[in-house]
Amino acid sequence: MNATKVVARNAIVFWRGWRSSIFLSVLAPVLFLTAMGLGLGSLVEPNAEAFGDAGYLAFFATGMLGANCMQSGAFSASYPMMSKLTWERNYEAILAAPLGVRDIYFGELAWIGVTLAQQTIPFFAIMALFGIFDSPLAVLAIPAAILTGLGFAAAVMALTATLQTDEAYTWLFRFVVTPLFLLSGTFFPINELPAWGVVAAQLTPLYHGIELIRGVTISNLTLLAGLAHIAYLLFFLAAGIMLGIRNLTHRLVS
Amino acid sequence: MTGAPAPAYQLPSVRRSLRLVQRNAMAYRHAWIAIVSGFFEPVFYLGAVGFGVGQFIDSIPYRGAEISYASFMAPGMLAASVLNGALFDGFFSPFFKLSYEKTYDGILTTPVNLSDIVVGEVMWAVMRGTVYAVGFLSVMVALGLVLSAWAVLALPAVMLSGAALASGAMILTATTREISSLEKVMTLVVFPLFLFSGTFYPVSLYPDWLRPIVQLTPLYHSASLLRGLTAGVVDVSLLWHVLYLGSMFLVCITVTIRLMHRRLTD
């Protein structure tokens, strides 16, 4: 598939600054983990049972793994993609080669998947060093987190394809991504929210991503519930892809 | 340059600096949402961490008093939002004006000089930070997190913090040439400051080697000053924070003016 050529292009551009990129993308969650997991964790210690048997650090870290992919996936599909679409017009140049809109679309999405893996795997390794996991099954948290991030990337790509300016991103990050990050069960269990908040949180893809990650790492998840979370995330991703291809075709071809 | 006499810098004037503030206000007329939305970030954090996680924290010992977690971390978020604003108005936005949009080159053809530009950008940052602070303090009052009438002094404290932090951020503007440095500054400087300045929990929880380092950072002083005022634990030690922030402002704005002169005249 020609989409691999778009992946290769992005990889070459990325190669130039990869060392600092990897370092920074791992450092941020580690700082967060230390400050919140350990610092706040010691304050909630007397009531830690509310966060499950594994304790606050494990609860928060597994939430961060998913939330980090959401933020990273959403970000990769925003300013960097708008730059290629609107400011630098790279896509128009690529279309002059024997590549189509679908190649660009899947190439970009696949590349975002690569960057998500590049952030998730070291983060996961650091969590393992903190002694958070006790079963080899925990490795499944990596694909679960990447699937969550890809869903958000696809949704934001569909939005980016319709935008002429970057103003909407202020709304997106301040009023969608940040509240999701804070209220979808990253910091505290959603059943502490008011009843309407619980329902709202359960509708969000991040909640399902985090539940899935926690299910394979620190909490027990029934097979049925696990499959339901996966089905939700796949549906979210598929809807984003369909909408994204439609919008990008509309933007670049007509 | 060697042997040449030190260049005489033009002194800033309030009247001319206000022209830059006016310019920024006009430029933001169409992007007001970017301004309004900045208010919400610390409010979200207050909700999620202050109350969400805070309900599992019984109380926090604070300089001889016991206060609720939300009332402990709320002034920390206020300080963090001052830092965010100072960084945006003192670094990101001036960086683009300096390196990409060449706004300052245009302004310098008018009677407004470089010192006016630096002072004007800091004034703009302080004004915007003050507007956020009024909003956030109102939220704190509404939620019962302001424990003392001393909190009225939090507003001038926010202005002092904003002036110090924005002047510090302007040094970054004057020395940064690569856009990729913005990400590095965020991850290596801002993010650690946000997390480790006694914003979320008392510095007594830090290991012994880390505590003195934290106590040197500007956000620690800003957060401690604001917390003392909103929690109403006021004594002479708060003046130490005022002194730190005041000196930081004076040193940083002087250094910034020098660096900017060097940058734009080389």
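Residues numbered from 1 in each chain as written. Chains lettered and ligands numbered in written order. Predicted model: local features only at pLDDT ≥ 70, side-chain atom pairs only at ≥ 80, totals over all residues. Heavy atoms only, no water.

**Describing the overall build of chain A**
Moving on, step 1. In terms of regular secondary structure, chain A is built from eleven helices and zero strands.
Moving on, step 2. Counting helices and strands in the order they occur from the N terminus, chain A gives α-α-α-α-α-α-α-α-α-α-α.
Moving on, step 3. In terms of overall dimensions, chain A is globule-like: its C-alpha atoms have a radius of gyration of 19 Å, near the 18 Å expected for 254 residues.
Moving on, step 4. Seen along its three principal axes, the alpha-carbon backbone of chain A occupies a region of about 60 × 40 × 35 Å.
Moving on, step 5. Counting across all 254 residues of chain A, residues that qualify as buried make up 55%.
Moving on, step 6. The contacts in chain A between residues at least 6 apart in sequence include a share of 79% that link residues at least 24 apart.
Moving on, step 7. Of the accessible surface of chain A, which amounts to about 11,300 Å², a share of 68% is contributed by carbon and sulfur atoms.
Moving on, step 8. Counting 11 positive and 12 negative side-chain charges, chain A places the centres of these two groups 17 Å from one another. (Helix = DSSP H or I, 4+ residues; strand = E, 2+ residues; numbered from the N terminus. Rg over C-alpha atoms; globule rule 2.2 N^0.38 Å. Buried < 20%, exposed > 50% of the residue type's maximum accessible area, 1.4 Å probe, protein only. Contact = heavy atoms within 4.5 Å. Areas by Shrake-Rupley, 256 points an atom, 1.4 Å probe, with all protein chains shown as cover. Lys, Arg positive; Asp, Glu negative; His and termini not counted. Charge placed at Lys NZ, Arg CZ, Asp CG, Glu CD.)

**Structural notes on the interface of chain B and chain A**
Moving on, step 1. Counting residues at the interface gives 30 residues for chain B and 34 residues for chain A.
Moving on, step 2. Interface of chain B and chain A: buried area, both sides summed, is about 2,900 Å²; carbon and sulfur atoms make up 79% of it.
Moving on, step 3. At the junction of chain B with chain A, the criterion picks out one salt bridge.
Moving on, step 4. One salt bridge in this structure joins R174 of chain A and E41 of chain B, with 2.8 Å as the shortest N-O distance.
Moving on, step 5. The interface formed by chain B and chain A includes four residue pairs in polar contact (both at pLDDT 80 or more).
Moving on, step 6. If you list the elements that add at least two residues to the side of chain B that touches chain A, you get helix 2 (32-38), helix 3 (40-53) and helix 8 (180-195) of chain B.
Moving on, step 7. Ranked by residues supplied to the side of chain B that touches chain A, first place goes to helix 3 of chain B with eight residues. (Buried area = accessible area lost by both parts, 1.4 Å probe. Salt bridge = Lys/Arg side-chain N within 4 Å of Asp/Glu carboxyl O. Polar contact = N/O pair within 3.5 Å; in protein donor to acceptor, adjacent residues only side chain to side chain.)

**As for a nonpolar patch on the surface**
Residue and element names in this part refer to chain A.
Moving on, step 1. Taken together, the side chains of L223, L227, I230 and L234 present a nonpolar region at the surface, about 390 Å² in accessible area.
Moving on, step 2. Within the secondary structure layout, L223 lies in helix 11 (residues 223-253).
Moving on, step 3. Take L223: its relative accessible area is 70%, and that puts it in the exposed class. (Patch = residues over 30% accessible without salt bridge, like charges linked within 9 Å, V, L, I, M, F, W, Y side chains within 5 Å.)

**Looking at unusual backbone geometry**
Moving on, step 1. Positive phi, close to 55°, is recorded for R89 of chain A, a residue that is not glycine.
Moving on, step 2. In this structure R89 of chain A comes out as partly exposed when scored by relative accessible area, which is 43%.
Moving on, step 3. With a phi angle near 55°, K102 of chain B is a residue other than glycine that sits in the positive phi range.
Moving on, step 4. Here K102 of chain B shows up in the loop between helix 4 (69-99) and helix 5 (103-107).

**With respect to the environment of W32 of chain B**
Residues and elements named next belong to chain B.
Moving on, step 1. Tracing the sequence through the fold places W32 in helix 2.
Moving on, step 2. W32 sits in the exposed class, given a relative accessible area of 52%.
Moving on, step 3. Along the backbone, W32 and A231 are 199 residues apart, and their C-alpha atoms lie at a distance of 32 Å.

**Some remarks on the packing of helix 8 (residues 167-183) of chain A against helix 3 of chain B**
Moving on, step 1. Between helix 8 of chain A and helix 3 of chain B, whose axes approach to 10 Å, the crossing angle comes to 20°. Considering their axes alone, helix 8 of chain A and helix 3 of chain B lie roughly parallel with respect to each other. Read as a crossing pair, helix 8 of chain A and helix 3 of chain B show a hand that is right-handed. Where helix 8 of chain A abuts helix 3 of chain B, its residues R174, F175, T178, P179, F181, L182 and L183 of chain A lie against F40, E41, F44, Y45 and A48 of chain B.
Moving on, step 2. Here the contact of helix 8 of chain A with helix 3 of chain B is built from residues that sort into nine nonpolar, one polar and two charged. (Axes fitted to C-alpha atoms, helices over the stretch in contact; angles between N-to-C directions. Parallel < 35°, antiparallel > 145°, perpendicular 65-115°, else oblique. Left-handed = near helix turned anticlockwise from the far one by under 90°. Nonpolar A, V, L, I, M, F, W, Y, C, P; charged D, E, K, R; others polar.)

**What about the layout of surface pockets?**
Moving on, step 1. Taken as a whole, the second largest pocket holds about 350 Å³ of empty space.
Moving on, step 2. Class assignment of the residues belonging to the lining of the second largest pocket gives a composition of nine nonpolar, eight polar and three charged. (1 Å grid on protein atoms, 1.4 Å probe; cavity = no way out; pocket = protein on both sides within 12 Å on 5 of 7 lines; lining within 4 Å. Points joined across faces, edges and corners; volume = space filled by probe spheres on them.)

**A closer look at the environment of S222 of chain B**
All names here are of chain B.
Moving on, step 1. Assignment of secondary structure puts S222 in helix 10 (residues 218-231).
Moving on, step 2. In the structure, S222 is positioned 144 residues away from L78 in sequence and 9.2 Å away in space, judged by C-alpha atoms.
Moving on, step 3. In this view, S222 contacts A79, S161 and L245; residues no more than four positions away in its chain are not counted.
Moving on, step 4. Within the structure, S222 has its side chain in polar contact with the side chain of S161 (distance 2.9 Å).

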